[in-house]
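Examination of the molecular architecture
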Amino acid sequence: MGLSNGEVGATSHELLGAQAQIWNHMFQFINSMALKCAVQLGIPDVIHNHGQPISLSELIAALNVHPSRAHFVSRLMRILVHSDFFAQHHHVHRGCDDMEEEEAVVLYSLTPTSRLLLKDGPSNTTPLILMILDPVLTTPFHLMGAWLQMNGGDDPATICTPFKMENGMPFWDLAAQEPRFGNLFDEAMEADSKLLGREVVEECGGVFEGLKSLVDVGGGTGTMAKAIANAFPSINCIVFDQPHVVANLLGSTHNLGFVGGDMFVEIPPANAILLKWILHDWSDEESVKILKKCREAILLSKNDEGNKKIIIIDIVVGHVDKKEKMVDKKSIETQLMFDMLMMSTVTGKERSESEWKKIFLAAGFTHYNITHTFGFSEEENVILKKCREVIFLSKNEGGNKKIIIIDVVVLWGMLITRRRWWMRNQLTPSSGSIC
Ligand SMILES: C[S@@+](CC[C@H](N)C(=O)[O-])C[C@H]1O[C@@H](n2cnc3c(N)ncnc32)[C@H](O)[C@@H]1O
Ligand SMILES: O=c1cc(-c2ccc(O)cc2)oc2c(O)c(O)ccc12
């Protein structure tokens, strides 16, 4: 039906559809906050500890909810069930007496996604949720418009981010100076590394074979390096991070140590450098500087087998699955949200393959190979894992120098439960090279 209000071309059906999209978009933060609330109340743990599907009254009794607010819990649960964080069942309760009325009781249980929110679970992502949804990170997003209209200048040393506008200092300075935020960030990254450490060692273990030494640059409190050191006792692993991050940390095994320093100045020599969630924090110019320091570090190291490489765990934006010839929309959206997070908080960005290639070349490398893993695509509502590898080889150094980029996107739980099936049935590695 045409419109009488002068809008050209849009039917009222289209108009209402457009409005529905706007509503859905503008309310998205409510999904995030409902999730944060569930995590703060510890709802997943309460359901898990109950040992069987839990009724609303049992849930309310177990939560520290004020009795005057108890009736709101079912509304919180309703939206979380809708988002597949919890499953809802109806149990018909029959009294023993035929005369008693039947009563339908709502029961809640965990889903694969909420299993990732269990505090004592092997893959607890709660710290990530609490970090990403902390006001320190969410408030700068309100300044994005004003920030875009400001003169940014040309000097990278004085670069301002919405985060700096709000907090008066860059991200890494606040993490160093404010223990509450610093710990929140470290715990979030530890949670991420706990999950990824196991995955990388199990699924990409070949990458570490033949190495004698590895430095995890910007390795935080060492969770990832610990996983590698435990799985490969013959690799001497060093966690290299800012001095305040590694102060007082001790290696738990003979082959793990901690070194404080600045990756823009000097990186300890090793056969392999690991950069997990590092280069996306920095601009192209800064990333090239870091990669050059990494190159110096691997060139200085000794290894008779010539097995030297740089291993990057980061996002590759817009990966097109060659077999399915499609880009998964939800996956891309997550990558682009990560990119906005980098734009708001630090000087970095998420990069497409061609953007990665550019900085690899600028840093003096000539080959690469990417393994796309931990990404997801939606197919019959099942989240699947994809794998592809890109290795960067530096020909003119003679050795076998590789950069592996592992595409990492969220929804870890689904990936884990489905991974082996996918690996067995679908894995078709492909590689790119730029000699
Ligand atoms: C996003 S976190 C990644 C931590 C870890 N790689 C992980 O994935 O869990 C970035 C890390 O880089 C470290 N970092 C920042 N600037 C640094 C510098 N100039 N030299 C060494 N490390 C630095 C931070 O302290 C932080 O631990
Ligand atoms: O460098 C990062 C990385 C993250 C991050 C990594 C893995 C996840 O599963 C979630 C988040 O988050 C960051 C962040 O929130 C920030 O403000 C700066 C840097 C990073």
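Scroll up to find the structure.
The text that follows walks through the structure, step by step, so that each part is easy to find. (Residues numbered from 1 in each chain as written. Chains lettered and ligands numbered in written order. Predicted model: local features only at pLDDT ≥ 70, side-chain atom pairs only at ≥ 80, totals over all residues.)

Let's shift gears to the site of ligand 1. With respect to spatial proximity, 18 residues lie near ligand 1, and among them Met189, Gly218, Gly220, Met263 and Lys276 are the closest. Considering every element that reaches the shell around ligand 1, the biggest residue donor is helix H12 (residues 179–203), with 3 residues. Split by residue class, the shell around ligand 1 holds 8 nonpolar, 5 polar and 5 charged. (Near = placed C-beta within 6 Å. Helix = DSSP H or I, 4+ residues; strand = E, 2+ residues; numbered from the N terminus. Nonpolar A, V, L, I, M, F, W, Y, C, P; charged D, E, K, R; others polar.)

When we look at burial in helix H3 (residues 43–50), the residues that qualify are Ile43, Pro44, Asp45 and Ile47. Taken together, the buried residues of H3 touch helix H2 (28–41), strand E1 (54–55), strand E3 (103–110) and helix H6 (112–115). Where H3 terminates, the next one or two residues include glycine 51, which has phi positive at roughly 80°. (Buried ≥ 20, exposed ≤ 12 C-beta atoms within 10 Å, placed from the backbone. Contact = placed C-beta atoms within 7 Å.)

This next bit is on the nonpolar core. Grouped together as the largest cluster of nonpolar side chains are 81 residues, with contacts concentrated most on Leu214, Val215, Val217, Ile228, Ile273 and Cys294. Counting residues per element, this core draws most heavily on H12, at 7 residues. Two domains each put at least three residues into this core: domain 1 (12–117) and domain 2 (129–426). Look past the residues within four positions of cysteine 294 in its chain and what remains in contact with it is Val217, Ile267, Ile273 and Ile310. (Core = buried A, V, L, I, M, F, W, Y, C linked by C-beta atoms within 7 Å. Domains from an automatic or database assignment.)

Moving on, we come to the packing of H12 against helix H13 (residues 223–231). Interaxial distance between H12 and H13 falls to 8 Å at its minimum, and their mutual angle equals 30°. In terms of their interaxial angle, H12 and H13 are classed as roughly parallel. Two packed elements cross with a definite hand, and for H12 against H13 that hand is right-handed. On the side of H12, the interface is formed by Glu190, Ser193, Lys194, Leu196, Gly197, Arg198 and Val201, while H13 contributes Thr223, Met224, Ala227, Ile228 and Ala231. Residues belonging to the contact of H12 with H13 are distributed by class as follows: 6 nonpolar, 3 polar and 3 charged. (Axes fitted to C-alpha atoms, helices over the stretch in contact; angles between N-to-C directions. Parallel < 35°, antiparallel > 145°, perpendicular 65-115°, else oblique. Left-handed = near helix turned anticlockwise from the far one by under 90°.)

Close to ligand 2 lie Leu128, Ile132, Leu137, Phe171, Asp192, Trp277, Asp281, Leu341, Thr345 and Val346, which account for all nearby residues. Counting residues per element, the ones that place at least two in the shell around ligand 2 are helix H7 (126–132) and helix H16 (329–345). Of the residues in the shell around ligand 2, the class split is 7 nonpolar, 1 polar and 2 charged.

Quick look at the sheet that holds strand E2 (residues 86–93) now. Across the sheet, which stays open at both edges, the 3 strands sit in the order E1-E3-E2 with antiparallel pairing between neighbours. At either margin of the open sheet sits one strand with a lone partner, and together these are E1 and E2. With 8 bridges joining them, E2 and E3 adopt antiparallel strand pairing. Among the inter-strand pairings, phenylalanine 86 is bridged to a residue of E3, identified as leucine 110. Lying on the sheet, H3 is in contact with E1 and E3; it crosses E3 at an angle near 110°. Across the sheet, helix H5 (residues 73–82) is in contact with E2 and E3; its angle to E2 comes to roughly 120°. (Pairing = 2+ DSSP bridges.)

Quick look at the environment of glutamine 40 now. Checked against the element boundaries, glutamine 40 lands in helix H2. A count of 12 C-beta atoms within 10 Å places glutamine 40 in the exposed class. A sequence separation of 175 residues divides glutamine 40 from valine 215, and the C-alpha atoms of the two residues are 36 Å apart.

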